[in-house]
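Listed below, chain by chain, are the residues.
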Amino acid sequence: MANELDETDSSYVNQTGRDVHVIDKKVPVKVGVGSTIFEIILWVLGILPGVIYTIIKARARGYLQQLQQNIQRAASTIDNYQVQRVIVLQNTAKLLDKAITLDKETFTEIARLRSGANGENDEARNELSQKLGDVERNINVAFENYPDLRAHAEIADAMRQNSYLQQEITAARELYNDAVNRWNTEIFNWPAKMVVAAKAGYTTRIPFIASSEMKAQSEAVFF
C-alpha cells in the first residue's frame, strides 16, 4: 500500500501556495435526541448511575466556568499591556513634538485610544491593536524624516519600551489563543461537558485575528 501522504509525489503540490485566515464565526454547541435518551437510560438503570452523571455534569459546569475565567484573565493581560503601550506612545509623541511639529491628529487619536483602552470584547481589543499600529507608524514616519532624533536618549528609551510591550502583547495573545482553543475543544467533549454547554447556550470563541493591513505589511519587503 502506498503512503497516503507522499512528499515526493508532485501531483498534489500547490505551486501557488495558499493563505489561511481565522474564521470570524461563533459555533453554538448543540446536542441531539441521543443525549437526552442517554440521560434517560442512566436513570432507568438505577438511581446511582443517574446521580453519578448529575455529579459529573456539575463538575463539568464548574470546569467550564473556570475556563471562562482563564480566558478573561488572559484577555485582561492583553488589555493591560495595550494600555501601557498607549501611554508609551503618548509620551513618545510628546517628546517628538518638542523637537519637531508632529501631526496633531496623532495626539487626538492617542487621547481617544487612551479613553477607551480597555477592550470590552474581542472585536474592540483587535480594533485597538490595529489603531495602535497606525499611531506607531505615524511616529516612525517622523523618525524617518528626522533621523537625528534616534540619538535622543528619552525617545530611544520610549521606543525600546514600545518594542518590549509589543513582544509582551504577542506572548499574551498566544496565552489567550491557548485558552480559547482549550475552551473550543472542551465544550464539544461529550457527554457531560457538551450537554452542559448546550443547555447554557455556550458557543465557540474567536482567537486573535490580525487585520488585513497587518498581514499585508508582514509580507512586504523591508530590505
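Conventions we followed
- Residues numbered from 1 in each chain as written.
- Predicted model: local features only at pLDDT ≥ 70, side-chain atom pairs only at ≥ 80, totals over all residues.
- Heavy atoms only, no water.
- Phe/Tyr/Trp six-rings, centres within 6.5 Å; stacked < 30°, edge-to-face > 60°.
- Helix = DSSP H or I, 4+ residues; strand = E, 2+ residues; numbered from the N terminus.
- Buried < 20%, exposed > 50% of the residue type's maximum accessible area, 1.4 Å probe, protein only.
- Lys NZ or Arg CZ within 6 Å of the ring centre and 35° of its normal.
- Patch = residues over 30% accessible without salt bridge, like charges linked within 9 Å, V, L, I, M, F, W, Y side chains within 5 Å.
- Areas by Shrake-Rupley, 256 points an atom, 1.4 Å probe, with all protein chains shown as cover.
- Salt bridge = Lys/Arg side-chain N within 4 Å of Asp/Glu carboxyl O.
- Core = buried A, V, L, I, M, F, W, Y, C linked by side-chain atoms within 4.5 Å.
- Contact = heavy atoms within 4.5 Å.
- Expected span 1.5 Å × (residues − 1).
- Arc of directions from axis to C-beta.

Caption draft 1: Geometry of the packing of aromatic side chains. As enumerated under the stated definition, the model contains three aromatic pairs in all. Between phenylalanine 38 and tyrosine 53, the ring centres sit 5.6 Å apart and the planes meet at 85 degrees, which makes this aromatic pair edge-to-face. Residue phenylalanine 38 is located in helix H1 (residues 33–45), and its partner tyrosine 53 is located in helix H2 (residues 47–99); the two are separated by 15 residues in the primary sequence. Among the residues examined, phenylalanine 38 registers a relative accessible area of 27% and is labelled partly exposed. Of note, arginine 205 hangs over the ring of tryptophan 183, and the distance from its end group to the ring centre comes to 5.1 Å.

Caption draft 2: Region of the structure containing unusual backbone geometry. Cis rather than trans, the peptide bond between tryptophan 190 and proline 191 has omega equal to 10 degrees. For proline 191, the location among the structural elements is in the loop between helix H5 (153–186) and helix H6 (192–200).

Caption draft 3: Local environment of a nonpolar patch on the surface. The grouping of Val33, Ile37, Ile41 and Leu45 at the surface amounts to a nonpolar patch, some 410 Å² of accessible area in total. Mapped onto the secondary structure, isoleucine 37 falls in helix H1.

Caption draft 4: Up close: the nonpolar core. Ranked by internal contacts, the top residues of the largest apolar core, which has 27 residues, are Leu64, Ile71, Tyr176, Trp183, Ile187 and Ala197. The residues contacting isoleucine 187, other than those within four sequence positions of it, are Val29, Leu64, Lys193, Met194, Ala197, Thr203 and Thr204. Counting 14 residues, the second-largest nonpolar core is a separate cluster that includes Val86, Leu95, Leu128 and Met159.

Caption draft 5: Inspection of H1 at higher detail. Here H1 is 13 residues long and its end C-alpha atoms lie 18 Å apart, about the 18 Å a rise of 1.5 Å per residue gives. Those residues of H1 lying buried are Ser35, Glu39 and Leu42. When H1 is viewed along its axis, its buried side chains cluster within an angular range of 55 degrees and face the same direction. Away from its buried face by more than 90 degrees, H1 exposes Val33, Val44 and Leu45. Downstream of H1 by a residue or two, glycine 46 has a phi angle that is positive, lying close to 150 degrees.

Caption draft 6: Examining the pattern of salt bridges more closely. Counted under the stated rule, the structure contains four salt bridges. Two residues, aspartate 157 and arginine 160, come together in a salt bridge whose shortest N-O distance is 3.8 Å. Residue aspartate 157 and its partner arginine 160 are located together in helix H5, separated by three residues, close to a single helical turn. Looking at arginine 160, the relative accessible area reads 53%, which means it is exposed. Shared partners join several salt bridges into a network, and the residues in it are Glu39, Lys57 and Lys199.

Caption draft 7: Representation of the side chain of serine 35 within the structure. Here serine 35 lies in helix H1. The exposure class assigned to serine 35 is buried, which follows from its relative accessible area of 8%. Contact partners of serine 35, with chain neighbours within four places excluded, come to Trp190 and Val195.

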